[in-house]
Amino acid sequence: MTGVTVRVPAKLNLQLAVGPPRADGYHDLVTVFHAVSLFDQVLVEPAGRDGVTVTGEGADRVPADHDNLALRAVAALRATVRDRGAVHVTIAKKIPVAAGLAGGSADAAAALVACNELWEAGLSHQQLATIAGAVGSDVAFALLGGTAVGRGRGEQLTSALAPATQYHWVLAFADGQLSTPAVYAALDRLRGERGDGAGEIARPELDTALMSALRTGNAARVGQRLTNDLQPAAVSLFPALRKTLTAGLELGALGALVAGSGPTCVFLAANPERALELAVSLSGAGVCRSVARVSGPAPGAAVISAG
Ligand code: C5P
């Protein structure tokens, strides 16, 4: 085989409930992941030594050495299957970098699927998911796609029952990035200032009203149940987001929230026509760098060509 190309989606968190910091520095989560139709493409080819090239949206901000999450995923898979050759990974980015959409995790998931195919390693989805969980908190979900509940660091997944409903989202990309660890640290700080000791922070719980709204496919109810515990922290580090969120709601979005650790803002629309109107109005309002219309749930990392 001379090369394998994998397509992999961005994710939203329709609920992101964050517990107190754990001893290992991570936070226990309960989150509802939702994959959307904004895809990176990752090509893996045999090479003399491991390397990575990144093109597209924000490519200059992705590490092109062994810190690259996709190369770390390749190394993790090689440690399991042993004696496999070096590869070059070419990542074509559409998912913006450090935007709260798990683009780096998506590329790592894609690299796992592509190398499993290229090397004819024959690992099952479950085996790949175990490796994915060790590479990063969001990598296992990028393999799975759809809509799923994540627990632990986010890597323990249960697929949510998938009704036929497609949800229509508008993403408002910000002029700037946020670092995920910095946003978690800001949340801990804000909670500390409010006087919540770690022991008093509620254990994260799944929002059953959101899950039942998703099951019935009622977009208006889903819109009312979107929550993200990281949002106040993201807004405190990036105050312009407040204006973006307010603008989207005033323009008729069914719901609005910050994507993951931000700074992308996410808006739910009732149908594709409303999503188009909202995207045009948000662009015109000058409250973000650019907008994209996407739908979800989208499938997880999948081979689109191999030869
Ligand atoms: O797992 P990943 O490398 O994607 O996480 C990036 C950073 O985000 C972690 O180093 C940690 O600071 C923070 N994080 C966290 N709790 C989680 C997931 C991520 O504190 N459940």
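Check the entry above for the structure.
It should be emphasised that the depicted structure is a prediction, and the values quoted were computed from it without experimental measurement.

Student: Talk me through the sheet that holds strand 11 (residues 290-296); I want residue IDs and the actual numbers.
Tutor: Within the open sheet, the four strands sit side by side as 9-10-7-11. Their pairing is antiparallel. Each having just a single partner strand, strand 9 (255-258) and strand 11 make up the two edges of the open sheet. Recorded for the sheet is a direction-independent mean angle of 25° between the axes of neighbouring strands. Relative to strand 10 (residues 265-269), strand 9 runs antiparallel, the two being bridged by four bridges. Bridge pairing in strand 10 links A256 to F267. With respect to the sheet, helix 9 (residues 240-250) is in contact with strand 7 (167-173), strand 9 and strand 10, its orientation differing from that of strand 10 by roughly 5°.

Student: Before we move on, could you go through the environment of S212 and cite the residues and values that matter?
Tutor: Position of S212 among the secondary structure elements: in helix 6 (residues 208-216). On a C-alpha basis, the gap between S212 and A148 in space is 13 Å, while along the polypeptide they are 64 residues apart. Of the polar contacts made by the side chain of S212, one reaches the side chain of R221; its length is 3.0 Å.

Student: Give a detailed account of the site of the ligand, specifying residues and quantitative values.
Tutor: Around the ligand, the structure places G25, Y26, H27, L29, G136, S137, R153, T180, P181 and Y184. A distance of 3.1 Å separates a nitrogen atom of the ligand from a polar atom in the backbone of R153. A total of 450 Å² of accessible area belongs to the ligand in isolation, and the protein chains cover 76% of it. Sorting the residues of the shell around the ligand by element identifies strand 2 (27-46) and helix 5 (180-193) as the ones contributing at least two each. Here the shell around the ligand gets three residues from one element, more than from any other, and that element is helix 5.

Rules and cut-offs
- Residues numbered from 1 in each chain as written.
- Predicted model: local features only at pLDDT ≥ 70, side-chain atom pairs only at ≥ 80, totals over all residues.
- Heavy atoms only, no water.
- Pairing = 2+ DSSP bridges.
- Helix = DSSP H or I, 4+ residues; strand = E, 2+ residues; numbered from the N terminus.
- Axes fitted to C-alpha atoms, helices over the stretch in contact; angles between N-to-C directions.
- Contact = heavy atoms within 4.5 Å.
- Polar contact = N/O pair within 3.5 Å; in protein donor to acceptor, adjacent residues only side chain to side chain.
- Near = heavy atom within 4 Å.
- Areas by Shrake-Rupley, 256 points an atom, 1.4 Å probe, with all protein chains shown as cover.

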